Amino acid sequence: MTIQNSAFAVGPEPLLDIAALRADTPGCASVVHLNNAGCGLMPRPVLRTVVEHLELEAATGGYEAAAARAAETADFYAATARLLNTRPGNIAFAASATHAYTKALSSFDFRPGDTVLTTRNDFVSNQIAFLSLRRRHGVRIVHAPDRPDGSGVDVDAMAALMRAHRPRLVAVTHVPTNSGLVQPVAEIGRHCRELGLLYLVDACQSVGQYPVDVAEIGCDLLTATCRKFLRGPRGSGFLYVSDRVLQAGAEPLYIDMHGARWVAPGHYRPVPSAARFEEWEFPYATVLGCAAAVRYALEVGQDAVARRTPALGALLRERLAGVPGVRTLDRGPAPAALVTVTVDGWEPLPFKAALDRRRINSALSFREFAQFDFRDKEVEWCLRLSPHYYNTEDEVAEVAAAVAELAAEGRR
Ligand SMILES: Cc1ncc(COP(=O)(O)O)c(C=O)c1O
């Protein structure tokens, strides 16, 4: 089924036709999927695109299939550029958000004493990458403090650190993996622009849940995955690279024959576009599936999604509030659809297994995913429930009831 805008527009306010969207999502028939922050359920057009390309590869040959679908592959860049408000030449495909992130980091020629300024809620793998840069290159890592109420980074304090340290890189995760916190990335971006600092944003949990506009954020680099709130296939992500960074000649540490031309025995020249951050070998079926997922997200409408998805998260928090033995952990004025809770009397794996048995999909986060945040909240683990627009209010009620029932068991 190809979705039409009209199917989702009722009156002047574009409303989502949840029944149609669910009918377009095979997984909705078998699970209550509240693990979209892990991996969203693919809609039919994405699934069909991936499968059809694999079939074409099997029937005609992998290189031949790629040639036959060159225009559709190019549309991955065009669609993703529309999603982020940029141009196709500023987008690179990546195997994951982490792959995009480490490629971006590898383009910095870090020197001992260079500073990376980040937050206490940046993603675990990014924090590990900074630590590895510290070990290898003597980079200093500075974490901006949070506001005292835990509602995210203190932007004024972060701006003061920018002026004091003149960091080589400012790195901020928009929405972390370990809570529904939404960081003020555009406000931080304005300080970076004013001070001429390079700014890398991890938008892995925000792309597909909110409109993400690289011009408005003012970032130089932005990374995301396709499998989460964009509902694309696994093993895919992308990197946005600004014109400023491309024109300055940034390139990844290991650049290959796709990212550069070998123009003379002793010389190579990076290609002008962000393709210099890609590699020659491509999972074409996955790239085409991502293009379908991004087109689907655009057609559903990012504003409509941003109205519904965090609201379902808020509804779940509301239903869990006051359940004895359950504590919701998300902070900030308007949390994203990542609902994190602790449940007294349970160990993490049995608790998740009990939800699995009810065909409720969820995820666990542990202290090692969020060393600062979980220390502040004094928790070792939490359960993460992450609805998306295609979930229903009834499903939210069912999950809240299941958590409450299990919490009561835990207290016996
Ligand atoms: C905030 C954030 N950044 C980055 C990642 C890493 O994404 P990937 O697994 O595609 O590398 C995740 C994954 O959960 C995430 O939540």
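Overview of the structure. (Residues numbered from 1 in each chain as written. Predicted model: local features only at pLDDT ≥ 70, side-chain atom pairs only at ≥ 80, totals over all residues. Heavy atoms only, no water.)

Let us look at the nonpolar core. Grouped together as the largest cluster of nonpolar side chains are 42 residues, with contacts concentrated most on Val170, Ile188, Tyr199 and Leu222. When residues no more than four places from it in sequence are discounted, the contact partners of valine 170 are Leu117, Met158, Met162, Ile188, Cys192, Leu197, Leu198, Tyr199 and Leu200. Residues Phe351, Ile360, Leu364 and Leu406 belong to the second largest nonpolar core, which totals 26 residues. (Core = buried A, V, L, I, M, F, W, Y, C linked by side-chain atoms within 4.5 Å. Buried < 20%, exposed > 50% of the residue type's maximum accessible area, 1.4 Å probe, protein only. Contact = heavy atoms within 4.5 Å.)

Within the open sheet, the 4 strands sit side by side as 11-12-15-14. Their pairing is antiparallel. One side of each edge strand has no neighbouring strand; the edge strands of this open sheet are strand 11 (326-328) and strand 14 (363-366). Direction aside, the axes of adjacent strands within the sheet are offset by 35° on average. Of the strands in this sheet, strand 12 (339-343), strand 14 and strand 15 (381-385) are in contact with helix 14 (residues 348-357), which crosses strand 14 at around 165°. (Pairing = 2+ DSSP bridges. Helix = DSSP H or I, 4+ residues; strand = E, 2+ residues; numbered from the N terminus. Axes fitted to C-alpha atoms, helices over the stretch in contact; angles between N-to-C directions.)

This part is about the packing of aromatic side chains. Two aromatic rings, taken as a pair, are described by how far apart their centres are and by the angle between their planes. Under the definition given, this model contains 10 aromatic pairs. Each ring, one from phenylalanine 93 and one from phenylalanine 282, has its centre 5.5 Å from the other, and the planes form 55°; the classification is tilted. Placement of the pair is phenylalanine 93 in strand 2 (residues 91-94) and phenylalanine 282 in the loop between strand 10 (267-270) and helix 12 (284-300), with a sequence separation of 189 residues. Taking relative accessible area as the criterion, phenylalanine 93 reaches 6% and is therefore assigned buried. On the accessibility criterion, phenylalanine 282 (8% relative accessible area) is buried. With a centroid separation of 6.4 Å and an interplanar angle of 50°, the aromatic rings of tyrosine 101 and phenylalanine 130 are classed as tilted. Of this pair, tyrosine 101 sits in helix 6 (residues 97-106) while phenylalanine 130 sits in helix 7 (residues 124-137), and the two are 29 residues apart along the sequence. Each member of the pair, tyrosine 101 as well as phenylalanine 130, carries the same accessibility label: buried. (Phe/Tyr/Trp six-rings, centres within 6.5 Å; stacked < 30°, edge-to-face > 60°.)

Oppositely charged side chains are able to pair whenever their charged atoms sit close together. Summed over the entire model, instances satisfying the criterion amount to 16 salt bridges. Aspartate 330 is the salt-bridge partner of arginine 317, the closest N and O atoms lying 2.9 Å from each other. A residue pair is termed long-range when its members are at least 10 positions apart, and arginine 317 in helix 13 (residues 302-320) and aspartate 330 in the loop between strand 11 and strand 12 qualify at 13 residues. The class for aspartate 330 is buried, based on a relative accessible area of 13%. Connected via shared salt-bridge partners are Arg120, Asp146 and Asp376. (Salt bridge = Lys/Arg side-chain N within 4 Å of Asp/Glu carboxyl O.)

Another aspect to go through is the packing of helix 6 against helix 7. For the pair helix 6 and helix 7, the least separation of the axes is 11 Å and the interaxial angle reads 30°. Classified by the angle their axes make, helix 6 and helix 7 are roughly parallel. Every pair of crossing elements has a handedness; the one defined by helix 6 and helix 7 is right-handed. Across the interface between the two elements, Thr98, Tyr101 and Leu105 of helix 6 pack against Ser125, Asn126, Ala129, Phe130 and Leu133 of helix 7. Of the residues belonging to the contact of helix 6 with helix 7, the class tally is 5 nonpolar, 3 polar and no charged. (Parallel < 35°, antiparallel > 145°, perpendicular 65-115°, else oblique. Left-handed = near helix turned anticlockwise from the far one by under 90°. Nonpolar A, V, L, I, M, F, W, Y, C, P; charged D, E, K, R; others polar.)

Another point: unusual backbone geometry. The backbone phi angle of arginine 231 is positive, close to 70°, even though this residue is not glycine. Following the sequence through the fold, arginine 231 ends up in the loop between strand 7 (221-225) and strand 8 (237-241). Of the residues examined, arginine 231 reaches a relative accessible area of 1% and is grouped as buried.

Time to look at the environment of threonine 286. Assignment of secondary structure puts threonine 286 in helix 12. Here the alpha-carbon distance between threonine 286 and alanine 66, two residues 220 residues apart in the chain, equals 12 Å.

Take helix 13 next. Helix length check: helix 13, at 19 residues, gives a terminal C-alpha distance of 27 Å against a target of 27 Å (1.5 Å per residue), a fit within 8%. Glycine 322, located one to two residues past helix 13, shows a positive phi value of around 85°. (Expected span 1.5 Å × (residues − 1).)

This next bit is on the sheet that holds strand 3 (residues 115-119). Strand order in the open sheet formed by 7 strands is 2-8-7-6-5-3-4, with mixed pairing between adjacent strands. Looking along the sheet, the strands with just one partner apiece sit at the ends: strand 2 and strand 4 (140-144). The sheet shows a mean angle of 20° between the axes of neighbouring strands, taken without regard to direction. Running at roughly 165° to strand 6 (residues 199-202), helix 9 (residues 185-195) makes contact with strand 5 (169-173) and strand 6 of the sheet.

Restricting attention to buried positions, one finds in helix 14 the residues Pro348, Phe351, Ala354 and Leu355. Relative to the axis of helix 14, the buried residues are bounded by an arc of 130° and lie together on one face. Away from its buried face by more than 90 degrees, helix 14 exposes Leu349 and Arg357. Its buried side turned inward, helix 14 meets strand 12, strand 13 (360-361), strand 14, strand 15 and helix 16 (393-411). Within two residues after helix 14, arginine 359 carries a phi angle of roughly 60°, on the positive side. (Arc of directions from axis to C-beta.)

We now examine the environment of glycine 301. The topology assignment puts glycine 301 in the loop between helix 12 and helix 13. By relative accessible area, glycine 301 is classed as buried at 17%. Separated by 83 residues in the primary sequence, glycine 301 and glycine 218 have C-alpha atoms spaced 22 Å apart.

This part is about the pairing of strand 15. Burial runs high along strand 15: 5 of the 5 residues are buried. The alternating pattern of strand 15 places Trp381, Leu383 and Leu385 and Cys382 and Arg384 on opposite faces, both of which are buried. By the bridge criterion, 3 bridges tie strand 12 to strand 15 in an arrangement that is antiparallel. Opposite threonine 340, over in strand 15, you have arginine 384 as the bridge partner. Bridging between strand 14 and strand 15 involves 4 bridges; their strand directions are antiparallel. Bridge assignment links alanine 363 to a residue of strand 15, and that residue is arginine 384.

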